[in-house]
Amino acid sequence: MRRVVVTGIGLLTPLGAGREITWKRILEGQSGIGQITCFDPEGYGCTIAGEIPSVDGRGGGGPDVEGSFDPEKVLSSKERKRVDDFIIYAIAAADEALDDANWHPESEEDKERTGVMIGSGIGGLGPVADTAIKLKEEGPRRISPFFIPSALINLASGQVSIRHGLKGPNHAVVTACATGAHAIGDAARLISYGDADVMVAGGAESSIVPIGVAGFVACRALCTSYNETPEKASRPYDRGRDGFVMGEGAGILVLEEYEHAKARGAKIYAEVAGYGLSGDAYHITAPSEDGDGGFRAMKAALKNAGLEASDIDYVNAHGTSTMADGIELRAVERLLGDQAKTAAMSSTKSMTGHLLGAAGAIEAAFSVLAIRDQVAPPTINLEDPEFETPLDLCANAAKPMAIDVAMSNSFGFGGTNAAVIFKKIA
Amino acid sequence: MSDILERVRKIVIEHLDADPDKVTEKASFIDDLGADSLDNVELVMAFEEEFDIEIPDDAAEHIQTVGDAVKFISEKSA
């Protein structure tokens, strides 16, 4: 089987625009959560989210604030009208990832051997809602011709392929909060099977819109008790947690066949060593109480990697700051056995919030960067731990440690589970 | 007529993010101003809104230049 490695990373998150600024703030334990600024959230129950700090003031950003996102640098105002924000985020993160990988295919063969697999949990929720209102108020003849292509989930992959001339497999994953992990795992398999030599893979999400916040509040998933102290709101494993905090952004990895990467002298971050998937067959929004779905996904990833539980050094947990945190924790303990005493696990959602379809992708990136820098990122706001566990949850401070193997977990509504294992290249 | 031309030009410049100097009566939306077929649909919708008229699909197909739009709108509003 052809081996697959990570050669590029692009990040656009509530902690900032760019891979290194996001990672720096992660290791410092900063929170990217604040009051919602992109619409008036009065009366929504939840008034906080992890917005991308932007030059227009969104998410606490500004023209002089370090790490602020400037969409004008990605697309002109005319182009931006044709795409929803999740596509803009995907394009920005893909640009950074391809630059990082130094992969800008020019020959027809290189273009045809490079594909794109970027997913989203929900896609263009904002345009769907806005256009529905316009349809009702003004009738069918006033609907923009750009409405459908601005909202379709696979148009993130489509736009990235058009922008960079990438003519290989063009695909999109939609598995709610497991989207980013599935996209990376599936893209790696396309390379393994020979369908492509390089894949631009990940997830993007822009659901901080009125209907998105109202919808997640309605299904009792969002945090509602910390509207006055947003930086404290996302607190996985803490007794005071009461739901996830929505984030937005994108994470993109450039995945590449190992020999292809070596032959062109590419910088190699880590190997995509294993990937496992499972379904709960249990409930539309809750994981099965015994954590068996997540357990089987992790077990499958280990088997696929040809590794033992004792090889796992770090687990980037799904850890959404909901009741489900404990279920995942017990499943990881069960998988690791004695190794739980030496391994570390953390939830970076404590800082970024939950980026839904992009979460698995940014967390895969954090897992890879944890291997690069030999440090486990922290779980912040873990002040009153609910669970006794042998696992080091990296409470409130990053933990420098030897990390050869890192696993990233992602679980989604509908009972869909994915685990991706990354391994240091010896 | 000149008033209609200026209003049409303004819409075209705004929607296509076009260089004002290039937005002449003879300018073709697609060939000269970088529009695609979806831009044309959007332009026609903008003309309908601005001039409070209805442009049927078969007529819209023949509006390819700034001049075509001015001519159609002038006849319609006359």
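The numbers attached to residues start from 1 for each chain and follow its sequence in the written order. Naming scheme: in the order in which they are written, chains are lettered from A and ligands are numbered from 1. A pLDDT threshold of at least 70 governs which residues receive local features in this predicted model, and a stricter bar of 80 or more applies before side-chain atom pairs are shown or counted, although totals over entire chains, interfaces and linings include all residues. Side-chain metrics rest on all non-hydrogen atoms present in the structure, leaving aside hydrogens and water.

## Some details on the overall build of chain B
Secondary structure is summarised from DSSP: a helix means a run of H or I of at least four residues, a strand means a run of E of at least two, and numbering begins at the N terminus for each. Assigned secondary structure in chain B consists of four helices and zero strands. Each helix and strand of chain B, ordered N terminal to C terminal, gives the series α-α-α-α. Within these notes, the globule rule equals 2.2 Å times the number of residues to the 0.38 power, and the radius of gyration is based on C-alpha atoms. Compactness check: chain B gives a C-alpha radius of gyration of 11 Å against a globular reference of 12 Å for 78 residues, within 12% of the reference. With the principal axes as the frame, chain B shows a C-alpha extent of 30 × 25 × 20 Å. Buried residues are those whose accessible area, probed at 1.4 Å on protein chains only, stays under 20% of the maximum for their type, while exposed residues exceed 50% and partly exposed ones sit between those limits. Taking all 78 residues of chain B together, the buried fraction comes to 49%.

## Description of the overall build of chain A
Scanning chain A for helices and strands turns up 14 helices and 15 strands. Rg of the C-alpha trace for chain A: 20 Å, near the compact-globule value of 22 Å for 426 residues, within the 12% margin. In terms of principal-axis extent, the alpha carbons of chain A reach across some 65 × 55 × 45 Å. Across the 426 residues of chain A, 62% fall into the buried class. One way to put it: in chain A the 39 positive side-chain charges average out to a point 3 Å from where the 57 negative ones average out. The sign given to each residue is positive for Lys and Arg and negative for Asp and Glu; His and the chain ends receive no count. Here the site of a charge means atom NZ of a Lys, CZ of an Arg, CG of an Asp or CD of a Glu.

## Overview of the pairing of strand β1 (residues 4–13) of chain A
A regular strand places its side chains on the two faces of the sheet in alternate fashion. Residue and element names in this part refer to chain A. The buried fraction of β1 is high, at 10 of 10 residues. Pairs of strands are assigned from DSSP output, requiring at least two bridges between the strands. Inspection of the sheet shows β1 paired to strand β8 (residues 249–257) by eight bridges, in the antiparallel sense. Of the residues in β8, the one forming a bridge with Val4 is Glu257. As paired elements, β1 and strand β2 (residues 16–17) share two bridges and run antiparallel to each other.

## Details of the packing of aromatic side chains
Aromatic contacts are taken between Phe, Tyr and Trp rings whose centres are within 6.5 Å, Trp giving its six-membered ring; a plane angle under 30 degrees counts as stacked, one over 60 as edge-to-face, and the others as tilted. Tallied over the entire structure, the rule returns six aromatic pairs over all chains. Ring geometry for A:Trp23 versus A:Phe366: centroids 6.0 Å apart, planes at 25°, classification stacked. Of this pair, A:Trp23 sits in helix α1 (residues 19–27) while A:Phe366 sits in helix α14 (residues 359–373), and the two are 343 residues apart along the sequence. As far as burial versus exposure is concerned, A:Trp23 and A:Phe366 are alike and both buried. When the ring of B:Phe29 is compared with that of B:Phe47, the centres are 6.4 Å apart and the planes differ by 40°; the resulting orientation is tilted. Remark: B:Phe47 occurs in helix α2 (residues 37–51) and B:Phe29 occurs in the loop between α1 (2–16) and α2; sequence separation between them is 18 residues. In textbook terms, an aromatic cluster arises when at least three aromatic residues are bridged by ring pairs, as seen for A:Phe216, A:Phe244 and A:Phe413. By definition, being over a ring means that NZ of Lys or CZ of Arg is both within 6 Å of the ring centre and within 35 degrees of the ring normal. Sitting over the face of the ring of A:Tyr258, A:Arg3 holds its NZ or CZ atom 4.5 Å from the ring centroid.

## Brief notes about the interface of chain B and chain A
In this description, contact between two residues means that some pair of their heavy atoms is separated by no more than 4.5 Å. Each partner contributes residues to the interface: chain B has 16 residues there, and chain A has 12 residues. Area buried by chain B at its contact with chain A is led by B:Leu38, B:Glu42 and B:Met45, which between them contribute 39% of it. When a carboxyl oxygen of Asp or Glu lies within 4 Å of a side-chain nitrogen of Lys or Arg, that pair is called a salt bridge. Where chain B touches chain A, the interface holds six salt bridges. For A:Arg142, the salt bridge goes to B:Glu48, with nearest N and O atoms at 3.3 Å. In the analysis that follows, any N or O atom pair within 3.5 Å is treated as a polar contact, provided that within protein one partner can donate a hydrogen and the other can accept it, and provided that, for residues neighboring in sequence, both atoms belong to side chains. Linking chain B with chain A are seven residue pairs in polar contact (both at pLDDT 80 or more). For the side of chain B that touches chain A, the secondary-structure elements that each account for two or more residues are α1 and α2 of chain B. Looking at the side of chain B that touches chain A element by element, the count peaks at seven residues for α2(B). Broken down by class, the residue content of the side of chain B that touches chain A amounts to five nonpolar, two polar and nine charged. Values labelled buried area give the accessible surface lost by two parts on being combined, using a 1.4 Å probe and summing over both. Residues are sorted three ways: Asp, Glu, Lys and Arg are charged, Ala, Val, Leu, Ile, Met, Phe, Trp, Tyr, Cys and Pro are nonpolar, and all the rest, Gly among them, are polar.

## Thoughts on the environment of A:Asp242
Residue and element names in this part refer to chain A. Mapped onto the elements of the fold, Asp242 is located in the loop between α9 (210–218) and β8. When the C-alpha positions of Asp242 and Cys223 are compared, they lie 5.2 Å apart, and in sequence the two are 19 residues distant. The contacts of Asp242, once residues within four sequence positions are left out, are Leu222, Cys223, Thr224, Ser225, Tyr226 and Ser321. Polar contacts involving the side chain of Asp242 include one to the main-chain amide nitrogen of Thr224, which spans 3.3 Å. Only 2.6 Å separates the side chain of Asp242 from the side chain of Ser225, close enough to count as a polar contact.

## A look at the nonpolar core
Residue and element names in this part refer to chain A. Grouping buried Ala, Val, Leu, Ile, Met, Phe, Trp, Tyr and Cys residues that are joined through side-chain atoms within 4.5 Å yields what is termed a nonpolar core. Ranked by size, the top nonpolar core spans 50 residues in total, and within it Val6, Ile9, Ile184, Leu253, Leu255 and Phe422 carry the most contacts. In terms of residue count, the dominant contributor to this core is α14 (10 residues). Leave out the neighbours within four places in its chain, and Leu253 touches Val6, Gly8, Ile9, Ile184, Met199, Val200, Ala201, Ala364, Ala365 and Phe422. Among the nonpolar cores identified, the runner-up in size contains 31 residues, and Leu12, Tyr89, Leu166 and Val198 belong to it.

## Looking at the pairing of strand β14 (residues 405–412) of chain A
Residues and elements named next belong to chain A. β14 sits mainly inside the fold: eight of its eight residues count as buried. The alternating pattern of β14 places Val405, Met407, Asn409 and Phe411 on one face and Ala406, Ser408, Ser410 and Gly412 on the opposite face, and all of these are buried. In this sheet, β14 lies alongside strand β10 (residues 314–316) in parallel orientation, the contact comprising three bridges. Across the sheet, Asn316 pairs through a bridge with Ser408, a residue of β14. Summarising the sheet, β14 and strand β15 (residues 416–423) pair through eight bridges and their orientation is antiparallel. Pairing of Asn409 across the sheet is with Ala419, part of β15. Linking β14 to β15, which pair antiparallel, is a turn of three residues; within it Gly414 sits at a positive phi near 95°.

## What about helix α8 (residues 179–192) of chain A?
All names here are of chain A. Working rule for helices: expected span equals 1.5 Å times residues minus one. Here α8 contains 14 residues, and its C-alpha end-to-end distance of 20 Å stays within 8% of the 20 Å for a straight helix at 1.5 Å per residue. Across the 14 residues that make up α8, a large majority, 12, are buried. Considered for burial, the residues of α8 that qualify are Thr179, Gly180, Ala181, His182, Ala183, Ile184, Gly185, Ala187, Ala188, Leu190, Ile191 and Ser192. Downstream of α8 by one or two residues, Gly194 has phi in the positive range, about 90°.

## Regarding the pattern of salt bridges
Residues and elements named next belong to chain A. Within the structure shown, the criterion is met by 39 salt bridges over all chains. For Lys232, the salt bridge is made with Glu383, and the minimal N-O distance between the two is 2.9 Å. Here the residue Lys232 occupies a position in the loop between α9 and β8, and Glu383 occupies one in the loop between β12 (375–376) and β13 (399–400), the gap between them amounting to 151 residues. Note on Lys232: relative accessible area 31%, which makes it partly exposed.

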